[in-house]
Amino acid sequence: MKKIIYVLTCCLALCFASLSFAAVSSAEIRAQAIEISKELRCPSSMTQSLYESEAPIAAELKGLIYKKLAAGESKEQILTFLSERYGEQIRYEPAMNASTAMLWLFPAFLFLTIFFWFVIAVLLRKKLK
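Basis of the calculations
- The residue count restarts for each chain, going from 1 along the sequence in the order it is written.
- Restriction of local features to residues with pLDDT of at least 70 applies here, the model being predicted, together with a cutoff of 80 or more for giving and counting side-chain atom pairs; totals for whole chains, interfaces and linings are based on all residues.
- Excluded from the side-chain calculations are hydrogens and water; all other atoms, namely the structure's heavy atoms, are used.
- Put simply, DSSP H or I for four residues or longer makes a helix, DSSP E for two residues or longer makes a strand, and each gets a number counted from the N terminus.
- A helix is expected to span 1.5 Å for every residue after the first.
- Burial status follows relative accessibility: with a 1.4 Å probe on protein chains alone, a residue under 20% of its type maximum counts as buried, one over 50% as exposed, and anything between as partly exposed.
- Arc definition: directions from the helix axis to the C-beta atoms.
- Take the buried residues of types Ala, Val, Leu, Ile, Met, Phe, Trp, Tyr and Cys, join any two whose side-chain atoms come within 4.5 Å, and each joined set is a nonpolar core.
- Contacts are assigned to residue pairs with any non-hydrogen atoms lying within 4.5 Å of each other.
- Stacked, tilted and edge-to-face are the three classes assigned to paired rings of Phe, Tyr and Trp, where Trp is represented by its six-membered ring and a pair needs centres within 6.5 Å; plane angles under 30 degrees give stacked, over 60 edge-to-face, the rest tilted.
- For a ring to carry a charge above it, either NZ of a lysine or CZ of an arginine must fall within 6 Å of the ring centroid while also lying within 35 degrees of the normal to the ring plane.

Draft legend 1. Helix 3 (residues 75–86), seen in detail. Taking 1.5 Å as the rise per residue, helix 3 with 12 residues should run 16 Å; its terminal C-alpha atoms sit 16 Å apart, in good agreement. Listing the buried residues of helix 3 in full gives Ile78, Leu79, Leu82 and Ser83. One side of helix 3 carries all its buried residues, which in axial view fall inside an arc of 130 degrees. Positive phi shows up at Gly87, right after helix 3, with a value of about 95 degrees.

Draft legend 2. The nonpolar core, seen in detail. Counting 15 residues, the largest nonpolar core has Ile36, Leu40, Leu50, Ile65, Leu69, Ile78 and Leu82 as its most contacted members. At the level of secondary structure, the elements contributing two or more residues to this core comprise helix 1 (2–38), helix 2 (56–70) and helix 3. The dominant element in this core, judged by the number of residues it contributes, is helix 2, at four residues. Contact partners of Leu69, with chain neighbours within four places excluded, come to Ile29, Gln32, Ala33, Ile36 and Ile78.

Draft legend 3. Seen up close, the packing of aromatic side chains. Applying the stated criterion across every chain yields a total of two aromatic pairs. An angle of 15 degrees between the planes, with centres 6.5 Å apart, marks the rings of Phe111 and Phe115 as stacked. Of the two residues, Phe111 and Phe115 are both situated in helix 4 (residues 101–128); the distance of four residues between them amounts to about one turn of the helix. Overall, Phe111 belongs to the exposed group, its relative accessible area being 56%. For Phe115, a relative accessible area of 42% gives the class partly exposed. Through pairs of rings, three or more aromatic residues link up here, namely Phe111, Phe115 and Phe116. Seen from the ring of Tyr51, Lys38 lies directly overhead, with NZ or CZ sitting 4.9 Å from the centre. Between the NZ or CZ atom of Lys68 and the centre of the ring of Phe81, over which it lies, the distance is 4.2 Å.

So this is what it looks like as C-alpha cells:
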C-alpha cells in the first residue's frame, strides 16, 4: 500500500511539474507572439499594428503566429511566411530588396540633395559679397 501511495505521489508531482513548465513555455510563446504582432500591420487596417487591431483577420493572424511559435518556428520564418502571403507592406520595416530600395534610399538622397543645395547657396552668397 505504501508503494502505491508513493508511486501516485510521484506521478502527481511529475504532473504538476510538467504543468508549470508548460505555463512558463506558454508565457514565453505569448510574449514572442505579441512582439511579432507589434512589428506587423493589420491587412485590413493599414494604420494599425496587428497587435492593436480588432479585425477578424487580425485575430486569425495572431492565432496563426502563436501556433507557429508553439510548433517551433522562428520569428524570421514567421515574418517571411506572412510577407510572402500578404506582401512586403505587412511589415513596418520591409526587407531591403529591389522593390523596397526606394523606401530605404529616398530619405538619404533627399537629405543629401538639400544639404548640397544649402552648401552651394552659402558658397554663392559668399562669392557675391
